[in-house]
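Chain by chain, the residues:
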Amino acid sequence: MLVTSVGMNTTWGEMMSHISRDTDEQTPLQARLNKLTSSIGMVGLTVAFLVLVVLLVRYFTGNTQDESGNKEFNGSKTKADDIVNAVVGIVAAAVTIIVVAIPEGLPLAVTLTLAYSMKRMMKDQAMVRKLSACETMGSATTICTDKTGTLTMNLMKVTKFWLGQESMEQSSPSISPYVLELIQQGVALNTTCSAYRESPESKFVFSGSPTEKAILSWAIHELNMDMEQMKHSFTILYVEAFNSQKKRSGVLSRKKVDNTIHVHWKGAAEMILAMCSSYYDASGLMKDMDVGERNTFKQIIQVMAANSLRCIAFAHKQLSEEQYEDGKEEKRLQEDSFTLLGLVGIKDPIRPGVKKAVDDCQHAGVNIKMITGDNVFTARAIAIECGILEYGAENINGAVVEGEEFRNYTHEQRMEKVDKICVMARSSPFDKLLMVQCLKQKGHVVAVTGDGTNDAPALKEADIGLSMGIQGTEVAKESSDIVILDDNFASVATVLRWGRCVYSNIQKFIQFQLTVNVAALVINFVAAVSAGEVPLTAVQLLWVNLIMDTLGALALATEQPTQELMKKTPVGRTEPLITNIMWRNLLSQALYQIAILLTLQFKGEPIFGLTERVNDTLIFNIFVLCQVFNEFNARKLEEKNVFKGIHKNKLFLGIIGITILLQVLMVEFLKKFADTERLNWGQWGACIGIAALSWPIGWVVKCIPVPEKPIFSYLTWKK
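Residues numbered from 1 in each chain as written. Predicted model: local features only at pLDDT ≥ 70, side-chain atom pairs only at ≥ 80, totals over all residues. Heavy atoms only, no water.

> Residues and numbers for helix α20 (residues 538-557), please.
Counted at 1.5 Å a residue, the expected span for α20 with its 20 residues is 28 Å, and the 27 Å between its end C-alpha atoms agrees. Residue L551 marks the point of greatest curvature in α20, where the axis turns by about 25°. Counting buried residues along α20, 14 of its 20 residues qualify, which places the element largely inside the surrounding structure. (Helix = DSSP H or I, 4+ residues; strand = E, 2+ residues; numbered from the N terminus. Expected span 1.5 Å × (residues − 1). Bend = angle between axes of the 7 residues up to and from the residue. Buried < 20%, exposed > 50% of the residue type's maximum accessible area, 1.4 Å probe, protein only.)

Right, here's the structure in full:
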């Protein structure tokens, strides 16, 4: 053996370098969340700074009064201790605003949602290896899927056999014994599969690739081939292994009985046909293959492929000693002037449920692209059977291409045509990687399914790599983000639904959280600027933050996926995290809360005849109860019925109960800590009544249509 390259210079090393380089690429959601949190942080800091300045100015200009009605700051007469205490109080109010403005609960909500979904997806036959893949799948716009084992069952069986231009019944007695023996040689010697049985009475056990197993099983059971005897009758001189470029494998052998030398090729029918100049008919006569005959064979192959059969051909040639000696140095098998022995059609039935899953994905606006090593006709037939292609539409706009054709396009042509391609046949792993790169450059969020080691670069390159748990190699699994445990495309559709559920739950929490933030910020800012005091104290705001962030996150993170999620278009990379619908919902609720609480802040005491402390408690209590009622509104971003399916989410109801219980404790029993006064039944009734108005307001607001174009896109300057 001559070693020509080692380590990273080998094909394997090159592939591993693709896989092992760690991409620091952010997921679409991470990029959106980073943008959102930095924007919210800036707004919070600005408001806090303004409140700090206003309160300090009011204090030092003598515009604030203590409880007795005296000026708090009286120049040099005021004690240093009092000034320090007042300034500390003002700084505390400003810091509290920052705490309320920045959504600390967001990372918790995201992590909870992902962890919960990950656990539930395991039951749906999807093992998540990378947590962020759950939400990325929700943004997916394109899925590039394998055929064998994913769309089909990977249970290959020979269903058609052609000898010459005649279709044979499996064990037809009219086959020439000479041709039959040549076919048996071609199967037994040129295979990577093995057949084993313990005793002559027991069944054969086959091991190897599904295609090889199907052919070997057919030869043993239908052609009565004796594998062991065949192997002992020949000496193998040279083997050319199957590879994904040539799509064929060959063997050079010497027959021990008469020392004759034979070359056998087996592989993709159109590849083998191109090597042949003659063929055997059923009676064993060798006939020349002219252009007409060749076209007849091509039609036979096309018809088999159109019936979604994988077409494999066998070719044979006997060499003289001189020819063998001449070719010995080259270390490669001859590839011309062969005789075609026969064709077999192998059927791989489609998995049950695949058509519906493909249909679901397409209805959800996700493009399905099938990438396979099979020839164009087989690929097209399977794609039509699965619903990836519509019957009759397969030739329109270049929906079906071959890997080589795609590879030879210029970069501009690829970018132009990649969206229209639905099926790529006769593709190599490199073509798959190339397609993924093109789709990503066009702004798609790409999911890729694959099971082989050679799929690893494409799995790594994709936004979400989905490997197969049964057929998949360890390298493929290591390179993927999610492992589909049952190798079924229907599970890919389930993962898509869960991904959308995760994204939707995060949006629900953001809408809920921002309503709290906007209302608290505006109320405290307006009150601080106009009255010089903040109605919601530091402890109260932290309490709101605590129950809303942690309990709210937990309640909204555990919403189950619904079928409605699969009726929307995918969000892709560019859609904003806060949609126009969310702005409509959160601003309406925040404005209602601001209006109520500012009315109470400035006119509550004379209207209801309350003391200042009771009025402040009322403001705090209504604010918290508004959030509790608004949590129901946040369950459904678009639907008017916010109670739909609520009985299924026991955790949500439990959290609402705990929140209310804790609020009662806070108001009624923790007076000193929370700076509250006890409320009577009437006041509690008023609080609940005012807060409950969030529901009808939410219902009415959802009747208002919103433009589809993101609201902030109207604000960007046109160049």
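Moving on from the model shown.
> Account for helix α16 (residues 429-441), naming residues and giving values.
An ideal rise of 1.5 Å per residue puts 18 Å on 13 residues; α16 measures up with 19 Å between its terminal C-alpha atoms. Once α16 finishes, G443 follows within two positions and takes phi at roughly 95°, a positive value.

> Which residues make up the pairing of strand β10 (residues 276-280), and what are the values?
The buried count for β10 comes to 4 of 5 residues, which makes it a mostly enclosed element. Here β10 pairs with strand β13 (residues 338-347) via 3 bridges, running parallel. When the bridges of β13 are listed, S278 appears paired with T339. Bridging between β10 and strand β11 (residues 286-288) involves 3 bridges; their strand directions are antiparallel. What sits directly across from Y279, in β11, is K287. Taken together, β10 and the strand that follows it, β11, pair antiparallel across an intervening segment of 5 residues, in which G284 is found at a positive phi of about 95°. (Pairing = 2+ DSSP bridges.)

> Can you tell me about the side chain of T515, naming the residues and giving the values?
For T515, the location among the structural elements is in helix α19 (residues 489-531). Looking at T515, the relative accessible area reads 0%, which means it is buried. Not counting residues within four places of it along the chain, the set of residues in contact with T515 comprises L586, Q589, A590, Q593 and N630. (Contact = heavy atoms within 4.5 Å.)

> Please set out the pattern of salt bridges residue by residue, giving values where relevant.
All chains considered together, the criterion is met by 22 salt bridges. D419 serves as the salt-bridge partner of K442, at 3.1 Å between the closest nitrogen and oxygen. With K442 in the loop between α16 and β17 (446-450) and D419 in the loop between α15 (411-417) and β16 (423-425), the pair connects residues that are 23 residues apart, well separated along the chain. Take K442: its relative accessible area is 37%, and that puts it in the partly exposed class. D419 sits in the partly exposed class, given a relative accessible area of 32%. Because the salt bridges share partners, they merge into one network encompassing E240, K246, R248 and E335. (Salt bridge = Lys/Arg side-chain N within 4 Å of Asp/Glu carboxyl O.)

> Residue-level account of the side chain of R248, with values.
For R248, the location among the structural elements is in strand β8 (residues 248-255). Within the structure, the side chain of R248 is placed 3.0 Å from the side chain of E335, a separation counted as a polar contact. Not counting residues up to four positions away in its chain, the partners in contact with R248 are A241, F242, N243, W265, K266, G267, M271, I272, M275 and E335. (Polar contact = N/O pair within 3.5 Å; in protein donor to acceptor, adjacent residues only side chain to side chain.)

> Help me get a handle on the packing of aromatic side chains, residues and values and all.
A complete count under the given rule lists 10 aromatic pairs for this structure. Seen in terms of ring centroids, Y178 and Y280 are 6.0 Å apart; in terms of plane orientation they differ by 80°. Their pairing is edge-to-face. With a gap of 102 residues between them, Y178 in helix α6 (residues 177-189) and Y280 in strand β10 connect regions that are remote in the sequence. Geometrically, the ring pair formed by F643 and W695 is edge-to-face, given 5.0 Å between the ring centres and 85° between the ring planes. Note that F643 is positioned in the loop between α22 (612-635) and α23 (650-669) and W695 in helix α26 (residues 694-701), a separation of 52 residues in sequence. In textbook terms, an aromatic cluster arises when at least three aromatic residues are bridged by ring pairs, as seen for F629, F632, F643, F652 and W695. Seen from the ring of W699, K640 lies directly overhead, with NZ or CZ sitting 5.5 Å from the centre. (Phe/Tyr/Trp six-rings, centres within 6.5 Å; stacked < 30°, edge-to-face > 60°. Lys NZ or Arg CZ within 6 Å of the ring centre and 35° of its normal.)

> How would you explain a nonpolar patch on the surface if you had to name every residue and give the values?
Side chains of V539, I660, V664, L665, F669, L670 and F673 sit close together on the surface and give an oily, nonpolar patch of about 590 Å² of accessible area. Here the nonpolar patch takes 4 residues from α23, the largest share from any one element. Classification of F673 as exposed rests on a relative accessible area of 53%. (Patch = residues over 30% accessible without salt bridge, like charges linked within 9 Å, V, L, I, M, F, W, Y side chains within 5 Å. Areas by Shrake-Rupley, 256 points an atom, 1.4 Å probe, with all protein chains shown as cover.)

> Can you explain unusual backbone geometry? Please cite residues and give values.
Its identity is not glycine, yet Q125 carries a phi of approximately 65°, on the positive side. Among the secondary structure elements, Q125 is positioned in the loop between α4 (105-123) and β1 (126-128). The residue K247 is not glycine, and still its phi comes out positive at about 60°. Inspection of the secondary structure puts K247 in the loop between β7 (234-240) and β8. Among the residues examined, K247 registers a relative accessible area of 8% and is labelled buried.

> Tell me what's going on with the sheet that holds β1, and back it up with residues and numbers.
On the basis of which strands lie adjacent, the open sheet formed by 8 strands has the order β1-β19-β18-β17-β2-β14-β16-β15 and mixed pairing. Two strands in the sheet have a free side with no partner beyond their single neighbour: β1 and β15 (400-402). Across the sheet, the axes of successive neighbouring strands diverge by a mean angle of 20°, strand direction being ignored. When β1 meets strand β19 (residues 482-484), the two strands line up antiparallel, connected through 3 bridges. From the neighbouring strand, A126 faces β19, where its bridge partner is I484. With respect to the sheet, α4 is in contact with β1 and β19, its orientation differing from that of β1 by roughly 150°. (Axes fitted to C-alpha atoms, helices over the stretch in contact; angles between N-to-C directions.)

> Now, about the packing of helix α10 (residues 291-306) against helix α13 (residues 376-386): what can you tell me, with residues and values included?
To characterise two packed helices, one gives the angle between the axes of the helices and the distance between these axes. Viewed as axis vectors pointing N to C, α10 and α13 meet at an angle of 25°, and their least axial separation amounts to 7 Å. The pairing of α10 with α13 is recorded here as roughly parallel in orientation. Of the two possible hands of crossing, α10 and α13 adopt the one that is right-handed. The segment α10 lies against α13, with Q302, A305 and A306 engaging F377, T378 and A381. Among the residues making up the contact of α10 with α13, the classes are represented as 4 nonpolar, 2 polar and no charged. (Parallel < 35°, antiparallel > 145°, perpendicular 65-115°, else oblique. Left-handed = near helix turned anticlockwise from the far one by under 90°. Nonpolar A, V, L, I, M, F, W, Y, C, P; charged D, E, K, R; others polar.)

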